[in-house]
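# Structural features, examined
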Amino acid sequence: MYDTRTIAFICELMHPPSQPDTGAVQRVHNSFFQDGNPPYTSFAITPMGPVLTNPSVRPGAVSQAVFLPDRFQFREELGALTCEDFGARVRQVTEAVTAQIGLQDFSGQQVTIRSLVNPRHYKDSRELLRKGLLKLQEPLPHFEQDPAIWGLRMVFPPQEPTAGQPEFDQDRPTANALRIESYAQDPRSLFLENQGTFGQIAVNDGLDILEANIHSAYEFLTERGLKFVASFDQSN
């Protein structure tokens, strides 16, 4: 359908407030190095808490895991990781750190995916949003000039179980907040962001669910979000 260029993966795992265990994170970092394939190459102690990073010379690129007093935060921006790579990294590091500190539960997980696509029938994404999706007349009424960025935000509450959805887990409702906007850095590109919110996670039940939730947020953007865009991205 579209050549999706994902520019950011962010995952936050919320937990009860506690002082970050710097020693535990450092031990995890050292054990990864001993295994020979560390997910992060650098460890640092910051005022926020211990941080694992992969330094990059690319402007704006971020690859890090930060262990804050109330959450683990993983960020990959302008990097080369796929959704599968990112999910595996989050699970691997989280399993190792929770084993060190004895954390039993995460109160929630929030996953943010940001991607760019090029419309098929519009050279300028602003025109796709204004004419194709929003169906607004030209010039824009009641304003002296057009906005620099056009956009739409939709928030979808947790779904209720329905017939024909055997995969739906009633105990794990999911909310999604989807943004579709023109992209200031490149008018040819359309910017999409989905933020998926997931419920409580028991560490003892296994952390494969972290990966599944990341895939769920990604698929909401790349499947439902892009199909929605495609229904308006039509030749005039």
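Note: the structure precedes this text.
Quick summary incoming for the structure in this document. (Residues numbered from 1 in each chain as written. Predicted model: local features only at pLDDT ≥ 70, side-chain atom pairs only at ≥ 80, totals over all residues. Heavy atoms only, no water.)

### Considerations on the side chain of Thr 112
Let me state the cut-off plainly: Counting from the N terminus, the helices are the DSSP runs of H or I reaching at least four residues and the strands are the DSSP runs of E reaching at least two. Exposure classes here rest on a 1.4 Å probe applied to the protein chains alone. A residue is buried below 20% of its type maximum, exposed above 50%, and partly exposed in between. Nitrogen and oxygen atoms within 3.5 Å of one another constitute a polar contact, given that in protein one can donate a hydrogen and the other can accept it, and given that sequence-neighbouring residues count only through two side-chain atoms. Note on contacts: a residue pair is in contact if any heavy atoms of the two residues lie within 4.5 Å.
As for its placement among the helices and strands, Thr 112 is situated in strand E7 (residues 108-117). For Thr 112, a relative accessible area of 6% puts it in the buried group. A distance of 3.2 Å separates the side chain of Thr 112 from the side chain of Gln 195, its partner in a polar contact. Not counting residues within four places of it along the chain, the set of residues in contact with Thr 112 comprises Ala 8, Phe 9, Ile 10, Glu 193, Asn 194 and Gln 195.

### A few points about the pairing of strand E5 (residues 71-77)
The line we're drawing: Two strands form a pair only when DSSP identifies at least two bridges running between them.
Across the seven residues that make up E5, a large majority, five, are buried. Pairing between strand E1 (residues 5-14) and E5: seven bridges, direction antiparallel. When the sheet's bridge partners are listed, Cys 11 is paired in E5 with Phe 74. As paired elements, strand E4 (residues 62-67) and E5 share six bridges and run antiparallel to each other. The partner of Phe 67 across the bridge, within E5, is Phe 72. Hairpin connection of E4 to E5: three residues between the antiparallel strands.

### Remarks on the pattern of salt bridges
Spelled out, the test is: Salt bridges are counted wherever a side-chain nitrogen of Lys or Arg sits within 4 Å of a carboxyl oxygen of Asp or Glu.
Counted by the stated rule, this structure contains 16 salt bridges. Residue Glu 12 is joined to Arg 71 by a salt bridge in which the shortest nitrogen-to-oxygen separation is 3.1 Å. One end of the pair, Glu 12, is in strand E1; the other, Arg 71, is in strand E5, and 59 residues separate them in sequence. The partner of Arg 91 in a salt bridge is Glu 95, and the shortest N-O contact between them spans 3.2 Å. In this pair, Arg 91 and Glu 95 are both assigned in helix H2 (residues 83-101), four residues apart and thus about one turn of the helix distant. On the basis of relative accessible area, Glu 95 is assigned to the partly exposed category, the value being 32%. Through salt bridges with shared partners, one network takes in Arg 114, Arg 179, Glu 181 and Glu 193.

### Section: the packing of aromatic side chains
The following threshold applies: Geometry of aromatic contacts follows a simple scheme: Phe, Tyr and Trp rings, the Trp one being its six-membered ring, pair when their centres are within 6.5 Å, and the pair is stacked under 30 degrees between planes, edge-to-face over 60, tilted otherwise. We call a charge positioned above a ring when the Lys NZ or Arg CZ atom is no farther than 6 Å from the ring centre and deviates by at most 35 degrees from the ring normal.
Under the defined criterion, the tally for this structure stands at eight aromatic pairs. With 6.2 Å between their ring centres and 40 degrees between their planes, Phe 9 and Tyr 218 make a pair best called tilted. In this pair, Phe 9 is assigned in strand E1 and Tyr 218 in helix H4 (residues 208-230), connecting sequence segments 209 residues apart. When its relative accessible area of 3% is taken as the criterion, Phe 9 is described as buried. Residue Tyr 218 is classed as partly exposed on the basis of its relative accessible area, which comes to 22%. Measuring from centroid to centroid gives 5.1 Å for Phe 228 and Phe 232, while their planes differ by 65 degrees, and the two rings are edge-to-face. Among the aromatic residues, ring-to-ring pairing joins Phe 67, Phe 72, Phe 74 and Phe 106 into one connected group. If you follow Arg 89 out to its NZ or CZ, it ends over the ring of Tyr 40, 5.0 Å from the centre. In this structure, Arg 120 packs its charged tip against the face of Tyr 2, placed 5.1 Å from the ring centre.

### Brief notes about unusual backbone geometry
One non-glycine residue, Leu 78, lies in the positive phi region at around 55 degrees. Structurally, Leu 78 can be placed in the loop between E5 and H2. Note on Leu 78: relative accessible area 28%, which makes it partly exposed. For Lys 135, which is not a glycine, the phi torsion comes out positive at approximately 55 degrees. Turning to its location among the elements, Lys 135 is positioned in the loop between helix H3 (125-133) and strand E8 (151-156).

### What to know about helix H1 (residues 22-35)
Note the threshold: In this scheme, a helix's expected span is set at 1.5 Å multiplied by one less than its residue total. Directions drawn from the helix axis to the C-beta atoms are what define this arc.
Taking 1.5 Å of rise per residue, the 14 residues of H1 would be expected to cover 20 Å, and the 20 Å separating its terminal C-alpha atoms lies within 8% of that figure. Those residues of H1 that fall on the buried side of the exposure criterion are Ala 24, Val 25, Val 28, His 29 and Phe 32. Projected down its long axis, H1 shows its buried positions confined to an angular sector of 140 degrees, all on one face. Of the surrounding elements, those touching the buried residues of H1 are strand E2 (42-45), strand E3 (50-53), E4 and H2. Its side-chain oxygen 3.3 Å from the backbone nitrogen of Gly 23, Asp 21 forms the N-cap of H1. Among the residues trailing H1, Gly 36 stands out with phi positive, at a value near 95 degrees.

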